[in-house]
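Spelled out, the chains give:
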Amino acid sequence: MAASSSIVSVAATASSAPVLPASCNFSNLREIKKQLLLIAGLTRERGLLHSSKWSAELAFSLPALPLSELQPPPPITEEDAQDMDAYTLAKAYFDVKEYDRAAHFLHGCNSKKAYFLYMYSRYLSGEKKKDDETVDSLGPLEKGQVKNEALRELRVELSKKHQARELDGFGLYLYGVVLRKLDLVKEAIDVFVEATHVLPLHWGAWLELCNLITDKEMLKFLSLPDTWMKEFFLAHIYTELQLIEEALQKYQNLIDVGFSKSSYIVSQIAVAYHNIRDIDKALSIFNELRKQDPYRIENMDTFSNLLYVRSMKSELSYLAHNLCEIDKYRVETCCVIGNYYSLRSQHEKAALYFQRALKLNPRYLGAWTLMGHEYMEMKNTSAAIQAYRHAIEVNKRDYRAWYGLGQTYEILKMPFYCLYYYRRAHQLRPNDSRMLVALGECYEKLNQLVEAKKCYWRAYAVGDVEKMALVKLAKLHEQLTESEQAAQCYIKYIQDIYSCGEIVEHLEESTAFRYLAQYYFKCKLWDEASACAQKCCAFNDTREEGKALLRQILQLRNQGETPSTEIPAPFFLPASLSANNTPTRRVSPLNLSSVTP
């Protein structure tokens, strides 16, 4: 592949790369490896270290190239030669974070590489000053309010270059970043799309674009270049948009075509399983990833979330100590330690470590959300609300922050606010039963019982994680004196508990048996009532009622009382409630299966 020092030539080279067809079959992996090695070098020269690292990791996962196919360094143009001394000196200053000094020596340079480093140095200088201006007395909650004063000047200069069509792919990327920082989202999206067309190999532009897309409809209207990089972008954005099945399919296709050794893809698959709460699968993949790349820190905060949910204290402790040895001043390390202290119910210490994470990076989404959770544990609702709001500012797709805000306003007994935030969480996670149950509870408090019933039924239909939707629906029917429907729900609840095969104590199991015992007793169905009453005797809170009901049934049977045929009772409790003999017949839905409004 012929290479040139001008970015336009690189873009042309990238555009002519083998395109990934609909079958997701890469036609020439060697050519792709050459492109990855090329872009890794170009991004490194411009100080775009994260993009360089991503490209290098992906290139490493592909087979090595023979000496005859390794690319020579790009030839130097006349402009590059003139700016070489200034660029070399400035890059040395840039690497030690002396951004103003780097910009000073690059002023007046004409080559595209030197011009990008000049503008990027000014941008990073403004970011550094913004952070330095925030005194230690200000907590991370206020840190996000300080602005980068250099942004407006950079926008003016880059806008002129853009109108004159003098920006290369890297310049367009920087212009998009500046627009995003100024909250000019629509303009930023247009510029990032343009950047992906001019230089499709630059992962940073794709990633920035990903952060601005809020839903699948928005994605459909983007005119993206037809290149193999688009497949990585789509897999990433599907994961972010909680379209996990599509994301996993994309990643599986990428593994099948030759990227099976990519630690990036493996970690993204683990994150995807984390997002759909397949905890065992996600833990297994993360453990394999740790063996493959033991010093990796990226995504380890997500791994710690899984260990937290499973209450695996010793494993979480080991992970925290291990990451501290690698790099104690990484955001992910602080979040892992915070999770460790939270699991030990040391919420003040946990909040302190999440604050440390936010001092290192105030735009780190996970830390804001986790800190909101800790403030909730400490009953500091105002601080929790502020933390969750910051999380939403960083990423409006974070359903955990919307859900956290809903919980906070629920504690404050503000159901209308609570309803709004739960609905936003539900829009982001339409198949998450927890959001639907929370919505149902809100509607119930607002006395909108029809909507509450819809939510509880939908929560059951999508797969009730906490096994509470049917109980809440049954109690709602009880409240409305709809005894047959309540009985249906309790029967379904009991069938589901016993069919899952888990030996878990369900808090509402006794409630279900008590109601069914009374229901069948009223229907004069002594055998069913007796079976339920006997089950009631197995629970402390319903034992006495069960015994009393059994005595009544025995007394009525001795008196020769016969079952009534006037009261319809079409739903019977199964004769055997073992995990191996559970009826599979499902009662038809109560016309409640419409999507929650």
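Residues numbered from 1 in each chain as written. Predicted model: local features only at pLDDT ≥ 70, side-chain atom pairs only at ≥ 80, totals over all residues. Heavy atoms only, no water.

### Some remarks on the overall build of the protein chain
Broken down by element type, the protein chain carries 31 helices and zero strands. Looking at the protein chain as shown, the accessible area adds up to about 28,800 Å², and 51% of this sits on carbon and sulfur atoms. (Helix = DSSP H or I, 4+ residues; strand = E, 2+ residues; numbered from the N terminus. Areas by Shrake-Rupley, 256 points an atom, 1.4 Å probe, with all protein chains shown as cover.)

### Here we look at helix H22 (residues 381-394)
Because each turn of an α-helix spans 3.6 residues, side chains separated by three or four positions in sequence point in the same direction. Under the 1.5 Å per step criterion, the end-to-end length of H22 is 20 Å for 14 residues, consistent within 8% with the ideal 20 Å. Taken together, the buried positions of H22 are occupied by Thr381, Ala383, Ala384, Ile385, Ala387, Tyr388, His390, Ala391, Ile392 and Val394. (Expected span 1.5 Å × (residues − 1). Buried < 20%, exposed > 50% of the residue type's maximum accessible area, 1.4 Å probe, protein only.)

### Overview of the UniProt feature "repeat: TPR" (unreviewed entry) in the protein chain
Feature annotation in UniProt places "repeat: TPR" (unreviewed entry) on residues 331-364 and 365-398, given in this structure's numbering. Between the first and last C-alpha atoms of residues 365-398 the distance is 8 Å; the span itself is 79% helix and 0% strand. (UniProt positions renumbered as here; feature names shortened; annotations may be inferred.)

### Considering the packing of aromatic side chains
Under the criterion given, the structure shown has 30 aromatic pairs. Both rings, one in Trp54 and one in Phe232, keep their centres 5.6 Å apart while their planes meet at 85 degrees; by these two values the pair is edge-to-face. One end of the pair, Trp54, is in helix H3 (residues 49-60); the other, Phe232, is in helix H13 (residues 229-240), with 178 residues separating them in the sequence. Across the pair, exposure class does not vary: Trp54 and Phe232 are buried alike. (Phe/Tyr/Trp six-rings, centres within 6.5 Å; stacked < 30°, edge-to-face > 60°.)

### Quick notes on the packing of helix H29 (residues 509-522) against helix H31 (residues 543-558)
Where H29 meets H31, the closest approach of the two axes is 11 Å, and the angle between their N-to-C directions is 15 degrees. Our classification of the angle between H29 and H31 gives roughly parallel. The interaxial crossing formed by H29 with H31 has left-handed handedness. Residue-level inspection shows Arg514, Ala517, Gln518 and Phe521 of H29 in contact with H31, the latter providing Glu545, Leu549, Gln552, Ile553 and Leu556. Among the residues forming the contact of H29 with H31, the class breakdown is five nonpolar, two polar and two charged. (Axes fitted to C-alpha atoms, helices over the stretch in contact; angles between N-to-C directions. Parallel < 35°, antiparallel > 145°, perpendicular 65-115°, else oblique. Left-handed = near helix turned anticlockwise from the far one by under 90°. Contact = heavy atoms within 4.5 Å. Nonpolar A, V, L, I, M, F, W, Y, C, P; charged D, E, K, R; others polar.)

### Focus on the pattern of salt bridges
Per the counting criterion, the structure on display carries 28 salt bridges. For Lys181, the salt bridge is made with Glu127, and the minimal N-O distance between the two is 3.2 Å. Residue Lys181 is found in helix H9 (residues 169-181), and its partner Glu127 is found in helix H6 (residues 112-133); the two are separated by 54 residues along the sequence. Where salt bridges share partners, they join Glu45, Arg46 and Lys113 into one cluster. (Salt bridge = Lys/Arg side-chain N within 4 Å of Asp/Glu carboxyl O.)

### Here we look at a nonpolar patch on the surface
A cluster of nonpolar side chains, namely Leu37, Leu67 and Leu70, defines an oily patch on the protein surface of about 320 Å² accessible area. You can see Leu37 is positioned in helix H2 (residues 29-45). Taking relative accessible area as the criterion, Leu37 reaches 41% and is therefore assigned partly exposed. (Patch = residues over 30% accessible without salt bridge, like charges linked within 9 Å, V, L, I, M, F, W, Y side chains within 5 Å.)

### Some remarks on the side chain of Lys113
Among the structural elements, Lys113 can be located in helix H6. Among residues more than four places away in sequence, those in contact with Lys113 are Glu45, Arg46 and Tyr87.

### Points about the packing of helix H30 (residues 526-536) against H31
Two elements in contact, H30 and H31, have axes separated by 8 Å at closest approach and are oriented at 155 degrees. When the axis of H30 is compared with that of H31, the two are roughly antiparallel. The two elements H30 and H31 cross, and the hand of that crossing is left-handed. Across the interface between the two elements, Trp526, Asp527, Ala529, Ser530, Ala533, Gln534 and Cys536 of H30 pack against Arg543, Gly546, Leu549, Leu550, Ile553, Leu556 and Arg557 of H31. Tallied by class, residues from the contact of H30 with H31 come to eight nonpolar, three polar and three charged.

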